[in-house]
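Given next are the chains, with one letter for each unit.
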Amino acid sequence: MAMRPTALIAEDEPLLREALERQLAAAWPELDIVARARNGREAVEQFEALQPAVCFLDVQMPGLSGVEAAQRIGRRAHLVFVTAFDHYAVQAFAQGALDYLVKPVEPARLADTVARLQQRLQAAQPLADPQALLRQLAAHLKGESTPAPLRWIRAQIGSTLRLIPTEDIDYLRADSKYTVVAWRDDGGAPAEALIRLSLKELIAQLDPAEFAQVHRSVVVNLRSISHLVRLDTDSAELHLKRRPERLPVSRSYLHLFRQM
């Protein structure tokens, strides 16, 4: 009886780790997930202990990154990188012929990756040496001074983790230490979610070409603005295209709308 292939999943977000495990169970029922890690250090420790054939490694993890963990694992396993930061990683992985998945993981892409892994395992192909590329990528990650803007925001709604593309967000509003994300679902209907990040933390990660702060407690997607109504010399209101809410604009930010 042939031995079942084994795998490790390293992902610092538990819900994303569980989601990938469920997707793998559907796409590759024969695969045994024998190890689960929350960071790169745990991934290396569990790999050394269990020697899985395949390692799914999140690129960005606290402490030791997925790329640094991959450097230590080397050619002893088939490596699949999971990334949300595709502005640099996807190009590097593609050029280096390394397997990668972009979050949120699409079933079709995962199916293609599984098929390649199965073929390599069945053929017992010798593993390529990725060290040169991994060294370059690790150095790039450490020296990254301006990280890519957020492409999506994680919002936990009950027991469900929702991945909200930033392009679907109309505005964000501070709510104490948290932030209300006002977005539109797949059908275009207005929706809201409360996330455990402050507005200040989010502002630093949003694309300034798409989002603007208009009040100390409000950031708006510029594409969602319908028009501005001045209330007096010190303030105004923003009207949105597909929502009834009116967003305050304080005096400090009125200069952003001089052409409106």
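All values derive from a computational prediction rather than experimental measurement.

A.B. asks: Summarise helix α2 (residues 40-50); cite the residues concerned and give the values.
C.D. replies: Every buried residue of α2 is listed here: Gly40, Glu42, Ala43, Val44 and Phe47. In this fold, the buried residues of α2 make contact with β1 (6-10), β2 (32-37), β3 (54-58) and α3 (66-73). Where α2 begins, one side-chain oxygen reaches toward the backbone nitrogen of arginine 41, 3.2 Å away; that side chain belongs to asparagine 39.

A.B. asks: Report on the packing of aromatic side chains, specifying residues and quantitative values.
C.D. replies: Applying the stated criterion across every chain, the model contains zero aromatic pairs. The residue whose ring lies beneath arginine 109 is tyrosine 100, and the NZ or CZ to ring-centre distance is 4.3 Å.

A.B. asks: Please give an account of the pairing of strand β11 (residues 211-215) that cites residues and values.
C.D. replies: Within β11, four of the five residues are buried, leaving the element largely enclosed by the surrounding structure. Two strands pair when backbone bridges link them, and β11 and strand β12 (residues 218-221) are joined in this way by four bridges, in the antiparallel orientation. Residue pairing in the sheet places alanine 212 in a bridge with valine 220 of β12. Here β11 hands over to β12 after two residues, the two strands then running antiparallel side by side.

A.B. asks: Mind laying out the nonpolar core, listing which residues take part and the relevant values?
C.D. replies: Within the largest apolar cluster, 23 residues are counted, with the highest numbers of intra-cluster contacts made by Leu8, Cys55, Leu57 and Phe81. Mapped onto this core, the elements with two or more residues apiece are β1, β2, α2, β3, α3, β4 (78-83) and α6 (131-142). Per-element tally for this core: the top contributor is α6, with four residues. Counting residues in hydrophobic clusters, the runner-up holds 16 residues, among them Val80, Leu101, Val105 and Val114.

A.B. asks: Go over the sheet that holds β12, please, and point to the residues and values.
C.D. replies: Strand order in the open sheet formed by five strands is β10-β9-β8-β12-β11, with antiparallel pairing between adjacent strands. Lying at the two open borders of the sheet, with one neighbouring strand each, are β10 (190-195) and β11. On average, each strand axis in the sheet is tilted by 20° relative to the strand beside it, whichever way the strands run. As judged from the six bridges shared by strand β8 (residues 169-175) and strand β9 (residues 178-184), these two strands associate in the antiparallel manner. Among the inter-strand pairings, alanine 174 is bridged to a residue of β9, identified as threonine 179.

A.B. asks: With reference to specific residues and values, describe the pattern of salt bridges.
C.D. replies: Proximity of charged atoms lets side chains of opposite charge pair with each other. Overall, the coordinates contain 16 salt bridges when judged by the stated rule. The residue arginine 76 makes a salt bridge to glutamate 48 at a minimum N-O spacing of 2.7 Å. In this pair, arginine 76 is assigned in the loop between α3 and β4 and glutamate 48 in helix α2, connecting sequence segments 28 residues apart. In this structure, arginine 243 engages glutamate 245 in a salt bridge whose closest nitrogen and oxygen atoms are separated by 3.3 Å.

A.B. asks: With reference to specific residues and values, describe the environment of arginine 230.
C.D. replies: Looking at the secondary structure, you find arginine 230 in strand β13 (residues 225-230). Taking C-alpha positions, arginine 230 is 9.3 Å from leucine 254, a pair spaced 24 residues apart along the chain. Not counting residues up to four positions away in its chain, the partners in contact with arginine 230 are Ser235, Ala236 and Leu254.

A.B. asks: Can you lay out the packing of helix α1 (residues 14-27) against helix α5 (residues 107-123) for me, pointing to particular residues and giving the numbers?
C.D. replies: In the contact formed by α1 and α5, the axes pass within 10 Å of each other and the chain directions differ by 60°. When the interaxial angle is binned, α1 and α5 end up oblique. Our pair here, α1 against α5, has a crossing hand that is right-handed. Each of Gln23, Leu24 and Ala27 in α1 lies in contact with α5, whose residues at this interface are Pro107, Leu110 and Val114. The class makeup of the residues in the contact of α1 with α5 is five nonpolar, one polar and no charged.

A.B. asks: Lay out the sheet that holds β1 with the relevant residues and their values.
C.D. replies: Spatially, β2-β1-β3-β4-β5 is the arrangement adopted by the five strands of the open sheet, whose pairing is parallel. One side of each edge strand has no neighbouring strand; the edge strands of this open sheet are β2 and β5 (99-102). On average, each strand axis in the sheet is tilted by 20° relative to the strand beside it, whichever way the strands run. Pairing geometry for β1 and β3, over four bridges, is parallel. Each bridged residue has a counterpart across the sheet, and for isoleucine 9 the counterpart in β3 is phenylalanine 56. Its contacts with the sheet place α1 against β1, β2, β3, β4 and β5, and it is angled at close to 170° to β2.

What counts and how
- One numbering rule holds for all chains: residues counted from 1, following each sequence as written.
- Side-chain atom pairs in this predicted model are given and counted only at pLDDT of 80 or more, local residue features only at pLDDT of at least 70, and totals for whole chains, interfaces and linings cover all residues.
- Water and hydrogen atoms play no part in the side-chain values, which are based on all heavy atoms of the structure.
- Per-residue accessibility, obtained with a 1.4 Å probe over protein chains only, is compared with the maximum for each type, and a residue is labelled buried under 20%, exposed over 50%, and partly exposed between these values.
- In this description a helix means any DSSP run of H or I spanning at least four residues, a strand means any run of E spanning at least two, and both kinds are numbered starting from the N terminus.
- Only heavy atoms enter the contact rule, under which two residues are in contact if any of them lie within 4.5 Å.
- As used in this structure description, the phrase polar contact means that two N or O atoms lie within 3.5 Å; if the pair is within protein, one of them must be able to donate a hydrogen and the other to accept it, and residues adjacent in sequence are counted only when both atoms belong to side chains.
- Only centres within 6.5 Å qualify two rings of Phe, Tyr or Trp (six-membered ring in Trp) as a pair; their planes then separate them into stacked at under 30 degrees, edge-to-face at over 60, and tilted for everything else.
- Geometrically, a charge over a ring is one whose NZ (Lys) or CZ (Arg) sits within 6 Å of the ring centre while staying within 35 degrees of the ring normal.
- The rule for pairing is simple: two strands pair if DSSP sees at least two bridges between them.
- We define a nonpolar core as any set of buried Ala, Val, Leu, Ile, Met, Phe, Trp, Tyr and Cys residues linked to one another through side-chain atoms lying within 4.5 Å.
- A fitted line through C-alpha atoms serves as each axis, taken over the contacting stretch for helices, and the angle formed by two N-to-C directions is quoted from 0 to 180°.
- Just to be clear on terms, a salt bridge is a Lys or Arg side-chain nitrogen sitting within 4 Å of an Asp or Glu carboxyl oxygen.
- Note on angle classes: values under 35 degrees are labelled roughly parallel, values over 145 roughly antiparallel, values of 65 to 115 roughly perpendicular, and the remainder oblique.
- Crossings are sorted by hand: turned counterclockwise from the far helix by less than a right angle, the near helix makes the crossing left-handed, and turned clockwise it makes it right-handed.
- Throughout, the ten residues Ala, Val, Leu, Ile, Met, Phe, Trp, Tyr, Cys and Pro are labelled nonpolar, Asp, Glu, Lys and Arg are labelled charged, and all others, Gly among them, are labelled polar.

The values are spatial; any link to function lies outside them.
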